[in-house]
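Commentary on secondary and tertiary structure
In case you want the letters, here they are:
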Amino acid sequence: MKNRLFKYFLLIPAFILLALTTFYPLVRSFWISLHEWDLKETAEMGPFVGINNYLSAFSDYQFWNTLKATLIFTGSTVIATIVLSILVGLLLSKEKKHLSFIRAILIIPFAVSPALIGYSWRFMLNPDYGLFDQIIGFFIPALSDVIWLSHEGTAMVALVSVVVWIFMPFISLMFISALMGMPKEVFEAAKVDGASSFQTFFRITLPMLQPIILIATILTTMFTLKAFDPIVTLTQGGPGASTSVLNFFIYKTGFQFFNLGYSAALGYILAGITMVVVIVYMRRLVKGDQWN
Amino acid sequence: MNSQVNLEKQPKKAENRISIRKIFPSILENISVLLIVLFLFVPLFWIFLTSFKPYEEVFTTSIFFQPTLENYLAVFSSSFDLGKYYSNSTIVVVVTLIITLVVSVLASYSLSRFEIPGKQVIMFGILATQFIPLIINVIPYFVMFRNLGLLDTTLGLIIVNLGHTIPYAIWLIKGFMDRIPIAIEEQASIDGASRLRIIWSILLPLAKPGIITASVFCFVIIWNEFMFALILTNREAVTLPVALQFFIGEEGVIWNHMAAAGTLFVLPTVVFMLLVRKQFVQGMTSGSIK
């Protein structure tokens, strides 16, 4: 009897804190999303408007622009992060001394503030004195006159590079630990049978990595859809609205234009998108498990 | 004579061919490794270097200059007051971390050791809160804090950060506790130790790697947390990541000062991460793959 209560007693503190700090704001936010509320005009929540805030998103051209930017940003970041991380994994997962040192310091970027990184890339991409700007100009003279952060396409490229910089080390570590845990006999057998390294990679390594690739894709997609700090510190959503992704657009709507009702509704649209993406990936993951 | 030379030469040529075939990919490999290291570490190195540059050198890419500590002195002066933001960040991190660890260890123990109806749903629900973009939570927080007078206070930041760290901590610590054999505790409870005593003196030491992993992970998250602090503070309770924007003035950005503040800002997370790197990487990867 005492035991039966004890296990709930242990859960109570965490549960109360989560209820207050997460579940309650989520519900309250949903309630706000069903109301009109312009904080510039009234301190109290305005009239109930049902799903009007959600409907007005679909007729808002800014929302569609934002959605396009989100798609480009998320798609390119996820693809670049996963491909690069597999490559880094393959390069760094060998048993060599200098590689083991690099593996050890690979975690450092994960610990560095994304906001600071956004600023420092802005510094390094400056057309007058930026280090990266000059390095790129030196190796690819055709790009030496590009002002990275003031054109729509190149600003997106810069933003994606920064976000890849932030996520890639962590995702690489996942691949490294997966690759180093793979049974060596399989690769030796493949070598004995005369398989080229390309064949080995596509026929053996890649299929064996598949579950990790799926998990890494889920994580990267979730992180990318939530990315915020580097957008504020690197591009501010500009030039124009070219890098204004949905998460940033929600922030602007809510805390620069103080349209809280609409902002909350947009937040739930982003939550919906995230959920759909995660569920689609998860189902593939579960399916894959059954095959094995 | 001639034929002899040929005989000697031929095997050598073959050897050369083999070694070129071997060396070329390995050169390519080393260049790729070098490019990765440069891509990841040049930005960090450049911040570090800039933090020692005198103002005139900031707008050049030179790496040869007379290093100075002036930038570090400048950021601690009253005009910027890094000390204040550093102590704000420290208060938020320490308090959030302590509360997070206490409640998460208790909850993880319960979820790991007992049968609880709907456990799978609870665990998924806890994780699902992190799928949801946190900006949704900030909207009602902003309104509530304004009514309660908690805007621009460290207490407000601690409250919002708890909702962010507890879910991760529970997942990470529970994962570790699941791997500790239950037999050890049963033995202790036969010996008459109380439940809380078992958690404190038997389970905690065994779960230490998990707790360290969770602490460092949460520490990094809170220390670098930007969005909550950007929206919910404006002067008094500003934390380090948001304070960086104060270096952007009307005449541009004071990069050398920002670099000095930035270097001091990233130092604790990088040092902690390196100290527990092995455990952390193991904990994170086995946790996420499991």
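Residues numbered from 1 in each chain as written. Chains lettered and ligands numbered in written order. Predicted model: local features only at pLDDT ≥ 70, side-chain atom pairs only at ≥ 80, totals over all residues.

- An unreviewed UniProt entry annotates chain A as Trehalose transport system permease protein SugA of Halobacillus karajensis.
- Per UniProt, chain A has the following entry under Subcellular location (unreviewed entry): "Cell membrane".
- One UniProt comment on chain A, placed under Sequence similarities (unreviewed entry), says "Belongs to the binding-protein-dependent transport system permease family." (UniProt positions renumbered as here; feature names shortened; annotations may be inferred.)

1. Looking at the domain arrangement of chain B
- Assigned domains of chain B: these are domain 1 (2-50) and domain 2 (76-289).
- Look at where the C-alpha atoms of domain 1 of chain B and domain 2 of chain B centre, and you get two points 44 Å apart. (Domains from an automatic or database assignment.)

2. Remarks on the UniProt feature "domain: ABC transmembrane type-1" (unreviewed entry) in chain A
- The UniProt entry lists residues 67-281 of chain A under the feature "domain: ABC transmembrane type-1" (unreviewed entry), expressed in the numbering used here.
- End C-alpha to end C-alpha, residues 67-281 of chain A measures 20 Å, and it is 77% helix and 0% strand. (Helix = DSSP H or I, 4+ residues; strand = E, 2+ residues; numbered from the N terminus.)

3. Quick look at the interface of chain B and chain A
- With 60 residues of chain B at the interface, the matching set in chain A holds 65 residues.
- The element best represented in the side of chain B that touches chain A is helix H1 (residues 2-50) of chain B, accounting for 10 residues. (Contact = placed C-beta atoms within 7 Å.)

4. Observations regarding helix H8 (residues 183-190) of chain B
- By the criterion of burial, H8 of chain B is predominantly exposed, with just 0 of the 8 residues buried.
- One or two positions beyond H8 of chain B, positive phi appears at Gly192 of chain B, with a value near 95°. (Buried ≥ 20, exposed ≤ 12 C-beta atoms within 10 Å, placed from the backbone.)

5. Some details on the packing of helix H6 (residues 114-124) of chain A against helix H8 (residues 152-180) of chain A
All names here are of chain A.
- Running from N to C, H6 and H8 cross one another at 140°; their axes reach a closest spacing of 10 Å. Between H6 and H8, the angle is such that the two are oblique. At the point where H6 passes H8, the crossing takes the right-handed sense. Within the contact between the two elements, H6 uses Pro114, Ile117, Gly118 and Trp121 and H8 uses Ala158, Val162, Trp165 and Ile166.
- Residues belonging to the contact of H6 with H8 are distributed by class as follows: 7 nonpolar, 1 polar and no charged. (Axes fitted to C-alpha atoms, helices over the stretch in contact; angles between N-to-C directions. Parallel < 35°, antiparallel > 145°, perpendicular 65-115°, else oblique. Left-handed = near helix turned anticlockwise from the far one by under 90°. Nonpolar A, V, L, I, M, F, W, Y, C, P; charged D, E, K, R; others polar.)

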